[in-house]
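Observations on the model geometry
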Amino acid sequence: MPRLEVRKTYKLYIGGKFPRSESGRSYEVSSAGRSPKFLANAAQGSRKDIRDAVVAARGAVKGWSGATAYNRGQVLYRVGEVLEGRRDQFIAEVAASEGLTKPQATKLVDAAIDRWVWYAGWPDKLAQVLGNLNPVAGPYFDISAPEPTGVVGVLAPQDSSLLGLVSVIAPAIVSGNTVVVVASEDRPLPAISLGEVLATSDVPAGVVNIVTGRTAELAPWLASHADVNALDLTGATELPWAELEASAAETLKRVVRPAGDGSGAEEPDWLVTPDLSRMHAFLETKTVWHPKGM
Amino acid sequence: MTPKFEYAPAPESRSVVDIASSYGLFIGGDFVDPTDGKSFKTVNPATEEKLADVSEASAADVDKAVRAARRAYDRTWSRMSGAERGKYLYRIARLLQERAREFAVLETLDNGKPIKESRDVDVPTAAAHFFYHAGWADKLEYAGLGPAPKSLGVVGQVIPWNFPLLMLAWKIAPALATGNTVVLKPAETTPLTALLFAEVCRQADLPPGVVNIVTGAGPTGQAIVDHPGVDKIAFTGSTDVGKAIARAVAGTRKRVTLELGGKAANIVFDDAAIDQAVEGIVNGIFFNQGHVCCAGSRLLVQESIADDVVHRLQRRLRTLRVGDPMDKNTDVGAINSAAQLARITELTDAGVAEGAQRWSPDVELPKRGYWFAPTVFTGVSQTHRIAREEIFGPVLSVLTFRTPDEAVAKANNTPYGLSAGIWSEKGSRILAIADKLRAGVVWANTFNRFDPTSPFGGYKESGYGREGGRQGLAAYLDTEGTH
Amino acid sequence: MSPTSATSQARELLGVSSLTNKALRTWLYGLPGVDQVGLEGRAAALATRSIKTDSKAWAIDTAIGMIDLTTLEGADTPGKVRSLCAKAELPDPTDLSTPQVAAVCVYGDLVGVAKDALRGSDINVAAVATAFPSGRATLPVKLADTRDAVEAGADEVDMVIDRGAFLAGDYRLVFDQIAAVKQACARPDDAPDAHLKVILETGELATYDNVRRASWLAMLAGADFIKTSTGKIQPAATMPVTLLMLEAVRDWRELTGAMVGVKPAGGIRTSKDALRYLVMVSEIAGDDWLTPQWFRFGASSLLTDLLLQRQKLRTGAYSGADYVTID
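Residues numbered from 1 in each chain as written. Chains lettered and ligands numbered in written order. Predicted model: local features only at pLDDT ≥ 70, side-chain atom pairs only at ≥ 80, totals over all residues. Heavy atoms only, no water.

1. A short note on the overall build of chain A
This is how the line gets drawn: Secondary structure follows DSSP: runs of H or I at least 4 residues long count as helices, runs of E at least 2 residues long count as strands, and numbering of each begins at the N terminus. For this measure, only C-alpha atoms enter the radius of gyration; the expected value for a globule follows 2.2 Å times N^0.38, where N is the number of residues. A simple rule labels every residue: compare its accessible area, found with a 1.4 Å probe on the protein chains alone, to the largest value its type can have, and call it buried under 20%, exposed over 50%, or partly exposed in between. Should any heavy atoms of two residues lie within 4.5 Å, those residues are counted as being in contact. Accessible surface area values rest on a Shrake-Rupley calculation with a 1.4 Å probe, where residue burial reflects the displayed protein chains alone. Charged residues are defined narrowly, with Lys and Arg counted positive, Asp and Glu counted negative, and His plus the chain ends left uncounted. Charge positions are represented by NZ for Lys, CZ for Arg, CG for Asp and CD for Glu.
Scanning chain A from N- to C-terminus turns up 10 helices and 10 strands. Taking 19 Å as the expected radius of gyration for a compact globule of 294 residues, we find that chain A reaches 20 Å, a close match to that expectation. Across its three principal directions, the C-alpha atoms of chain A cover 85 × 40 × 35 Å. By residue count, 57% of the 294 residues in chain A fall in the buried class. Counting contacts in chain A only where the partners sit at least 6 residues apart, residues at least 24 apart contribute 77% of the total. Summing over all exposed atoms, chain A offers an accessible surface of approximately 11,900 Å²; the carbon and sulfur share of this is 53%. Across chain A, the mean location of the 30 positive side-chain charges is 6 Å away from that of the 33 negative side-chain charges.

This is how it looks when you write it as structure tokens:
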């Protein structure tokens, strides 16, 4: 007789802890594909969970952005190591979540780990690549360097449950931002497993916060939250993202629109090698002047 | 009895510039009449004398301008080599230098700022902007913005009245250098130097339609923002309008950069070079009558030296010369408009009502025109409106702090994040504080310095995007995918 | 004021029981720093003031009246000094309304010649002393140099500080020498003491912080005037240095109630320059300093240019060098 599997309870990941939704709600998550199968009950996060997550994210900004770039790189690389150790688990979760064969899922999980490692190398290079001395016409030392914008709200891609997720979280946090992520509504399980990876790999509590639930319910709270500095609408492919962008305008959040043309929105091909744009989107250029004199 | 050194009037000559009685819209390389024939007047704020009638562009006029810009983009400008574009910009830079005196006089007449500022700051810096960006036009692949940065197309630009020509330069120079064409709206109270700039474009033989100048007020600006043929909006102005623009473009693929308001803290530590700090405070808030988005409007001074700093500041303010902007010795000119004067008056009245102590030097303000004496409020706390709201006038709020952490906390305690100042002789403290300030520009032991090579722009509700420097080019280029 | 009384006054001001070098150093280093770029920017901004018509005429006459007409050459002779004195008394023979200069400044051995030549006029005779310009001599020599000039009738003594001692941090030595020279400027009974101008030789002090400290040290030791330069070292007087010294006398007056004069010397050659200095005096120290009692120009060729400009204002036509007498 085969051994009975010990199932996991999927909860939220907020402030380094794994609470249930304060609302007490959960929703059924099934596998993708022709014959959906029950996978788990995910926590159905509420606006108050978003609120708590923003508090946690704000609280983590000082420490994370204040850490040395070298330290952030070390911590993020450590995440890559732990991801690698859980590779099989993620392959199974991605295969089930996205309705893929094991080889297909393997390709995506490997790409996700490699992408994370790619981003892990960026923290101590961004300032060199994006910053510079300015040769002003006067006796001044004048330097421009990128700084994190603060708390980033992220609507994670709806389809790509791990590679897409990693591709939106990593570029936001490498520079010292913290994030509140609304996971893929129908495919949230790899996101919570990623939370477990983060919780066990030296990423300070609150740097990444993951809320599962109904994107349409949660996104407006994130878009309108005054303590959120930027909004990534990549996962707003099924939502009226114009309204979310308009809401974000009330506090002039930096906004990354969903991919696509015109008012449409589509999920990008995550296997394409990234460039700087996602990191760039959540950076501010600070310019400091000082006179040079004896 | 000691004689007093009175400076006799030293007026700049008004006759160096010809002002037409009326101006059309500059569209497709020609001055054209507005479709519905509407116009408005622009006045000299120092005298309330009418300077000229200026056309009011309707949505139909804006549409014509955008079409002209699109045509110029498709047929000429986007096909031209960067080197050739650069040569046009060099021409413009030289023409601005050649006609510098004209521009300075016109700017002062239309804006009310002291001639010494338009002459020594606005106009030369505007020319410098064109020089700097001219050189970029054929070097964009070296800007670190990807291997093949592409222009965006037609850029709509809406600029404020505080630095009319300089803001025009900040907008047009990078847009043209990166291969875009432009529809620009100057502020309704200060359209004249933009219209003179149109003439410079003609002297430079700039292809028709590459630069279009449409004059008008809010509705004209809105027509630009809403026009579907505009690929990018660049706006400098109030945070309220910036938010409206951000809402208006929501759901479109228009790119936006916004350079908005500020409430900068100018932090003076007890070890500061005090005489230079006082100069920096004065320059920070009274430069351009305080009509500066990055003005150091909140003085945060360490409590142990607060009395001394205020004393020195007051003594210094007694030497400020307020009056005729055309006088070469004037330090503080006219408030730009009656509306702005009303706003400043309202906020300063609120400062008194909320219990702050108001002080101004004895100055005799001219009878006609819009004037406001340099004003210092002491005993201000963070909760006062004058400590939170952008006054955009010659009004300084003095607050105190005890520790560096408190200074940083107070400095950052605002939805704005455009600029900040630090005064200290201790290098490591400056660097630590500069790191902690949430502001796009930090001036340490100086204030209100601008340079074409130095990126300028804000954090938080002071907007997004940068102007100037390598970073400023990014605002006008499609450099990266969306992955 | 005897050195002892200077010392006791300094002790009181510093709040110390003993005026040690350390106490002086602590006090001087407690002065606010000076930012070079900010200071030079302020001076440059003031230089853009435009002085026209009536105010220009007033400023030119004021500047003429503030000149210490100077000759400090190894080749100076009684004849040269007499000629200079004649010009001091009658700067422009074609216009008798032209004001006289404040003083004639010569080496100590020519004080008697100058006094004779200027007898009956209100023009002072100033003597450089204390092993001018280097100051490299022992204190007894410096004091003898000073007494010699005072006894010959010098109304004013322009001494140099020991820049070596200052740069070596020996502030007490600098203080003591100034205080001793000040005492050597005293005359017995009712005869007025010679006014002491203390030359900092700012061109050798290297930094503005040092100029500020040297200014305060000189004032503490009893200087009636602080003076930028000997004219023998480049750079001599500059606008930023003078601005800084004007701030020093302004702040000294706020601290002690006493006024100290300022004298930029060397390198000021044109009327335009002189007017810029007067603008600085007015806007930095205040109009109280706009008299020969509290502000002087140490210059030789400046007078000629001021006279040319004065003639231009009077006649409306540009004048020429042949229409102004040489000295």
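2. Remarks on the sheet that holds strand S5 (residues 49-55) of chain B
Residues and elements named next belong to chain B. Using the following cut-off: Strand pairing requires that DSSP identify at least two bridges connecting the strands.
Taken together, 3 strands build an open sheet; the order of strands is S1-S5-S4 and the sheet is mixed. Edge positions in the sheet fall to strand S1 (22-23) and strand S4 (39-44), since each has one partner strand and no second. For S4 and S5, the ladder comprises 6 bridges, and the chain directions are antiparallel. Pairing of Thr42 across the sheet is with Ala52, part of S5.

3. Focus: unusual backbone geometry
With the exception of glycine, most residues fall at negative phi, and the peptide bonds are largely trans. The linkage connecting Phe132 of chain C with the following residue, Pro133 of chain C, adopts the cis geometry, with an omega of 0°. In this chain, Gln234 of chain C is followed by Pro235 of chain C through a cis amide linkage whose omega measures -5°. By secondary structure assignment, the location of Pro235 of chain C is in the loop between strand S6 (225-227) and helix H11 (239-256). Within the chain, Asn288 of chain B stands out as a residue other than glycine whose phi angle is a positive 55°. With respect to the secondary-structure elements, Asn288 of chain B resides in the loop between helix H9 (274-286) and strand S13 (298-302).

4. With respect to the interface of chain A and chain B
Under the convention used in this document: When two parts are put together, the accessible area they lose, computed with a 1.4 Å probe and summed over both, is reported as buried area. Whenever a carboxyl oxygen of Asp or Glu lies within 4 Å of a side-chain nitrogen of Lys or Arg, that contact is scored as a salt bridge. Under the rule applied, a polar contact is a pair of N or O atoms within 3.5 Å (in protein, one hydrogen donor and one hydrogen acceptor; residues adjacent in sequence only if both atoms are side-chain atoms). Note that Gly is not counted as nonpolar here; it falls among the polar residues with everything else outside the nonpolar set of Ala, Val, Leu, Ile, Met, Phe, Trp, Tyr, Cys and Pro and the charged set of Asp, Glu, Lys and Arg.
The interface is formed by 52 residues belonging to chain A together with 48 residues belonging to chain B. Between chain A and chain B, the buried area comes to about 3,800 Å², and carbon and sulfur atoms account for 48% of it. The three residues of chain A that bury the most area against chain B are Leu252, Arg257 and Trp289 of chain A, which together make up 19% of that side's buried surface. Seen at the junction of chain A and chain B, the total is 3 salt bridges. Our count for the chain A to chain B interface comes out at 37 residue pairs in polar contact (both at pLDDT 80 or more). Mapped onto the side of chain A that touches chain B, the elements with two or more residues apiece are helix H5 (126-130), strand S4 (140-148), helix H9 (241-248), helix H10 (277-280) and strand S10 (283-291) of chain A. For the side of chain A that touches chain B, the element with the most residues is S10 of chain A, which contributes 8 residues. Taken together, the residues of the side of chain A that touches chain B sort by class into 22 nonpolar, 17 polar and 13 charged.

5. Looking at the side chain of Asn210 of chain C
Structurally, Asn210 of chain C is set in helix H10 (residues 208-220). Overall, Asn210 of chain C belongs to the buried group, its relative accessible area being 12%.

6. Re the domain arrangement of chain B
Residue and element names in this part refer to chain B. Here is the rule: As used throughout, domain bounds are those supplied by an automatic or database domain assignment.
With domains assigned, chain B is organised as domain 1 (14-260 + 461-478) and domain 2 (265-451). Taken over C-alpha atoms, the centre of domain 1 sits 29 Å from the centre of domain 2. Between domain 1 and domain 2, the residue contacts involve 32 residues of the former and 31 residues of the latter. At the boundary of domain 1 with domain 2, total buried surface from both sides reaches about 2,600 Å², with 58% on carbon and sulfur atoms.

7. Thoughts on the pattern of salt bridges
A full pass over the atoms with the stated rule returns 71 salt bridges over all chains. Its salt-bridge partner being Arg51 of chain A, residue Asp52 of chain A comes within 3.2 Å of it at the nearest N-O pair. Among the ionic pairs, Lys243 of chain B bridges to Glu461 of chain B, the shortest N-O distance being 2.9 Å. Remark: Glu461 of chain B occurs in the loop between strand S18 (441-444) and strand S19 (463-464) and Lys243 of chain B occurs in helix H8 (residues 239-248); sequence separation between them is 218 residues. Residues Lys243 of chain B and Glu461 of chain B agree in their burial class; the two are buried. Overlapping salt bridges bring together Asp275, Asp308, Arg312 and Arg315 of chain B together with Arg212, Glu247, Arg250, Asp251 and Glu254 of chain C as one network.

8. Focus: the packing of aromatic side chains
As a reminder of what qualifies: Note on aromatic pairs: the rings of Phe, Tyr and Trp (six-membered ring only in Trp) are paired at centre separations within 6.5 Å, and the planes decide the class, stacked below 30 degrees, edge-to-face beyond 60, tilted for the rest. A ring is considered to have a charge above it if a Lys NZ or an Arg CZ atom is located within 6 Å of its centre and within 35 degrees of its normal.
Applying the stated criterion across every chain, the model contains 26 aromatic pairs over all chains. Both rings, one in Phe5 of chain B and one in Trp58 of chain C, keep their centres 5.2 Å apart while their planes meet at 40°; by these two values the pair is tilted. On the criterion of chain membership, the pair formed by Phe5 of chain B in the segment before S1 and Trp58 of chain C in helix H4 (residues 53-65) is interchain, its members lying in two chains. Owing to a relative accessible area of 3%, Phe5 of chain B belongs among the buried residues under this scheme. You can call Trp58 of chain C partly exposed: its relative accessible area is 26%. Here the aromatic rings of Phe269 of chain B and Phe401 of chain B are separated by 5.3 Å at their centres, their planes lie at 75°, and the arrangement is edge-to-face. Taken together, the residues span a long stretch of sequence, with Phe269 of chain B in the loop between strand S12 (265-268) and H9 and Phe401 of chain B in strand S16 (residues 395-401) at a distance of 132 residues. Judged by its relative accessible area of 0%, Phe269 of chain B falls in the buried class. Overall, the relative accessible area of 0% leaves Phe401 of chain B in the buried class. Over the face of the ring belonging to Tyr476 of chain B we find Lys232 of chain B, whose NZ or CZ atom lies 4.8 Å from the ring centre. The ring of Phe269 of chain B has Arg429 of chain B lying over it, and the distance from NZ or CZ to the ring centre is 4.9 Å.

9. Some words on the environment of Thr242 of chain C
All names here are of chain C. Note on placement: Thr242 falls in helix H11. For Thr242, a relative accessible area of 0% puts it in the buried group. Measuring from C-alpha to C-alpha, the distance between Thr242 and Val211 comes to 9.6 Å, with 31 residues separating the pair along the chain. Those residues in contact with Thr242 that lie beyond four places of it in its chain are Thr228, Ala237, Val262, Pro264, Tyr277, Met280 and Phe295.

10. What about the packing of helix H8 (residues 215-224) of chain A against H9 of chain A?
Residue and element names in this part refer to chain A. Counted only if it meets this: Here an axis means a line fitted to C-alpha atoms, over the contact stretch when the element is a helix, while the angle between two N-to-C directions is reported on a 0 to 180 degree scale. Here the word oblique covers every angle except those under 35 degrees (roughly parallel), over 145 (roughly antiparallel) and from 65 to 115 (roughly perpendicular). Left-handed describes a crossing whose near helix is turned anticlockwise from the far helix by less than a right angle; the clockwise case is right-handed.
At a minimum axis separation of 7 Å, H8 and H9 run at an interaxial angle of 25°. Here H9 runs roughly parallel to H8, going by the angle between their axes. Of the two possible hands of crossing, H8 and H9 adopt the one that is right-handed. Two secondary-structure elements touch here, H8 through Ala219, Pro220, Ala223 and Ser224 and H9 through Leu244, Ser247 and Ala248.

11. Re the pairing of strand S5 (residues 195-199) of chain C
All names here are of chain C. Most of S5 is tucked away, with 4 of its 5 residues classed as buried. Of the strand pairs in this sheet, strand S4 (residues 156-160) and S5 are connected by 5 bridges, and their pairing is parallel. The partner of Val160 across the bridge, within S5, is Ile199. As paired strands, S5 and S6 are joined by 3 bridges and run parallel to one another. Residue pairing in the sheet places Lys197 in a bridge with Phe225 of S6.

12. Re a nonpolar patch on the surface
Put simply, the rule is: The patches described consist of residues with a relative accessible area above 30% and no salt bridge, like charges being joined within 9 Å and nonpolar side chains (Val, Leu, Ile, Met, Phe, Trp, Tyr) within 5 Å.
Together, Leu133, Phe141 and Ile143 of chain A line one region of the surface with nonpolar side chains, adding up to about 260 Å² of accessible area. Locating Phe141 of chain A in the fold gives a position in strand S4.

13. Examining the packing of H11 of chain C against helix H12 (residues 271-285) of chain C
Residue and element names in this part refer to chain C. Running from N to C, H11 and H12 cross one another at 30°; their axes reach a closest spacing of 9 Å. With respect to each other, H11 and H12 are oriented roughly parallel. By crossing handedness, the relation of H11 to H12 is classed as right-handed. Between H11, through Met239, Thr242, Leu243, Leu246, Glu247 and Arg250, and H12, the contact on the second element is made entirely by Arg276, Tyr277, Met280, Val281, Ile284 and Ala285. For the contact of H11 with H12, a count of residues per class yields 8 nonpolar, 1 polar and 3 charged.

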